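One-letter residues, chain by chain:
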Amino acid sequence: MSSPIRSTRRPFVAALAAVLLLGAGGAVGVPSAATGPATGPTAGPAPGSTALPAPAAPEACVTDVDRVVSTDPSPQAAEPLPPELTARLDAAARRSFGQISAPGAVVGVASPEGTWTQAYGVADPATGEPMDVGVHTRIGSATKPFTATLVLQLAEEGRLSLDDPIGDYVEGIPNGDRITLRQLADMTSGIASYSRNEAFQRSLFAAPETVYTPEELVAYGVAESPLFAPGEQFDYSNTNYVLLGLVVEQVTGQPVGEVMETNIFDPLELDETVWPGASTELPEPFARGFTLQGDTATPEAPADATHWSPTWAFTAGSLISDMDDLLTFGRALGTGQGLLEADSQRERLTSFAPPERGYGLGFGCIDGWVGHTGELPGYNTTVYYDTTTDTTVVVQVNSDIASGDCPESPVLADDPRTLPCSGPATRIFAELSTALGHTFTPNPQQ
């Protein structure tokens, strides 16, 4: 292994943190996670280093931040959406579900007009158990907005600053005296993603039950860092969010899962959202997840990744949740209500770089849609909030297998490859957004 990383957090926290996981997931801003290496564990979009543009003043991705932040804090309407809109959404979901490589999907839309949820396909192909709206799935990198929110809350309390260098909290990070917590959060740190480290991939795929500590994950990323000087480029890195989780633990003196429960789950009443720790189990009911990643998977026979150890992910993507909770969190993420003070949310909604299609403080933005995609072996999730219409859209799928004309992402043997390449949840979400009248156009997936 590369040189060891020594965290300066309290020793008793280290033992607890060793059981936590990172989910992968496509990042918003690069919503399709499969832009990373097709052979590596999907851990968010890993598009590689992208040079940031010269300073300019393009139109902001969220055009009326004050209106969004001051949105009525009452929950979105619980009554059903109008029948004609429901029919359009159902048609879009059925059409796109037929184009993905997944056994089942759950979709949901919540707006001031009402709420609509629907399940398609099966949760377990072996038994034929149907997908259910209340099913639990691993949400991958849709965990990252939770992690960044904790950091922002601690900044509000004056317990840290986004401009603190990571070296103040974790030793042994290249450029650690210059890389700020803000640069970790917006993916401009230059620290390589451990999930793209070939030695890590060999370890995980040979033995998916392996238990990793956060420090081990960071060491894999550090071994290939720095990729560039802090702040000079963009590179989607799961290591960034593992480090932020370590910061939360050090500052609070608590396991990050407990901090999430106190600061996010309880205030928003997210009763079905779970930090799994080292457990490979999911709450009932749950959907089994299928992948082409791992040493045993083939295009003819995907692997069942349902009970892979979650410890390989930690605070970059380990959470488990269901539709109702994700709809609630998606709106809170977009408006800040129940999570952050107005000034913090304004900063968050203007943090996207480049503004027109960028990644900000724990989530991304495309044409007013803010949120995150989550993808890891077996599961794919999208959680997005439309800042122009106060509408939240969530898609959960029990597969991370892309479909279409994918030159890099693995596809099933019988995939006709006649459509543009897309992850399953992203394809459904894009169709739903069109049915809603505000099309989300994801960045291309390979």
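None of these values were measured; they are calculated from a predicted model. (Residues numbered from 1 in each chain as written. Predicted model: local features only at pLDDT ≥ 70, side-chain atom pairs only at ≥ 80, totals over all residues. Heavy atoms only, no water.)

**Considerations on the overall build of the protein chain**
Scanning the protein chain from terminus to terminus reveals twelve helices and 13 strands. Considering the protein chain as a whole, with its 446 residues, one finds that 62% of them fall into the buried category. Looking at the protein chain alone, contacts between residues at least 24 apart form 73% of all its contacts between residues at least 6 apart. Summed over all atoms, the accessible surface of the protein chain reaches about 15300 Å², with 51% contributed by carbon and sulfur. (Helix = DSSP H or I, 4+ residues; strand = E, 2+ residues; numbered from the N terminus. Buried < 20%, exposed > 50% of the residue type's maximum accessible area, 1.4 Å probe, protein only. Contact = heavy atoms within 4.5 Å. Areas by Shrake-Rupley, 256 points an atom, 1.4 Å probe, with all protein chains shown as cover.)

**A look at the nonpolar core**
Counting 89 residues, the largest nonpolar core has Phe146, Ile166, Ile173, Leu243 and Ile264 as its most contacted members. It is helix 8 (residues 238-252) that provides the largest number of residues to this core, a total of eight residues. Ignoring anything within four residues of it in the chain, the contact list for isoleucine 166 reads Ile173, Gly176, Ile179, Leu181, Leu184, Leu243 and Val247. (Core = buried A, V, L, I, M, F, W, Y, C linked by side-chain atoms within 4.5 Å.)

**Here we look at the sheet that holds strand 13 (residues 391-397)**
Taken together, seven strands build an open sheet; the order of strands is 4-3-2-13-12-11-10 and the sheet is antiparallel. The sheet terminates laterally at strand 4 (129-130) and strand 10 (364-366), the two strands that pair on one side only. Sheet topology places strand 2 (residues 104-111) next to strand 3 (residues 114-124); eight bridges connect them, and they run antiparallel. Paired with glycine 108 across the strands is threonine 117, a residue of strand 3. Against the sheet, helix 3 (residues 83-97) contacts strand 2 and strand 3, and its axis sits at roughly 25° relative to strand 3. (Pairing = 2+ DSSP bridges. Axes fitted to C-alpha atoms, helices over the stretch in contact; angles between N-to-C directions.)

**As for helix 12 (residues 424-436)**
Over its 13 residues, helix 12 extends 19 Å from the first C-alpha to the last, a length consistent with the 18 Å expected when each residue adds 1.5 Å. Where helix 12 is buried, its residues meet helix 3, strand 2, strand 3, strand 11 (369-376), strand 12 (379-386) and strand 13. (Expected span 1.5 Å × (residues − 1).)

**Examining the pattern of salt bridges**
By the definition in use, this model includes eleven salt bridges. Arginine 95 serves as the salt-bridge partner of glutamate 431, at 3.0 Å between the closest nitrogen and oxygen. Of this pair, glutamate 431 sits in helix 12 while arginine 95 sits in helix 3, and the two are 336 residues apart along the sequence. Classification of arginine 95 as partly exposed rests on a relative accessible area of 45%. Residues arginine 182 and glutamate 347 are paired through a salt bridge, measuring 2.7 Å at the closest nitrogen-oxygen approach. Of this pair, arginine 182 sits in helix 5 (residues 181-185) while glutamate 347 sits in helix 11 (residues 342-349); the two residues are 165 residues apart in sequence, bridging distant segments of the chain. (Salt bridge = Lys/Arg side-chain N within 4 Å of Asp/Glu carboxyl O.)

**Overview of unusual backbone geometry**
Here the amide bond leading from serine 225 into proline 226 is cis, since omega sits at 0°, within 30 degrees of zero. The residue proline 226 is located in the loop between helix 7 (214-222) and strand 6 (233-234) in this model. Put simply, glutamate 284 and proline 285 share a cis peptide bond, and its omega is -10°. Locating proline 285 in the fold gives a position in the loop between helix 9 (256-268) and strand 7 (290-291). Here asparagine 175, not a glycine, exhibits a phi torsion of approximately 65°, which is positive. Note on placement: asparagine 175 falls in the loop between helix 4 (144-156) and helix 5. Judged by its relative accessible area of 24%, asparagine 175 is partly exposed. One non-glycine residue with positive phi stands out, namely phenylalanine 314, at about 50°.

**So, the side chain of threonine 311**
Relative to the helices and strands, threonine 311 is located in the loop between strand 8 (303-304) and strand 9 (320-321). By relative accessible area, threonine 311 is classed as buried at 0%. Engagement of the side chain of threonine 311 in a polar contact is seen with the side chain of serine 309, the distance being 2.7 Å. (Polar contact = N/O pair within 3.5 Å; in protein donor to acceptor, adjacent residues only side chain to side chain.)

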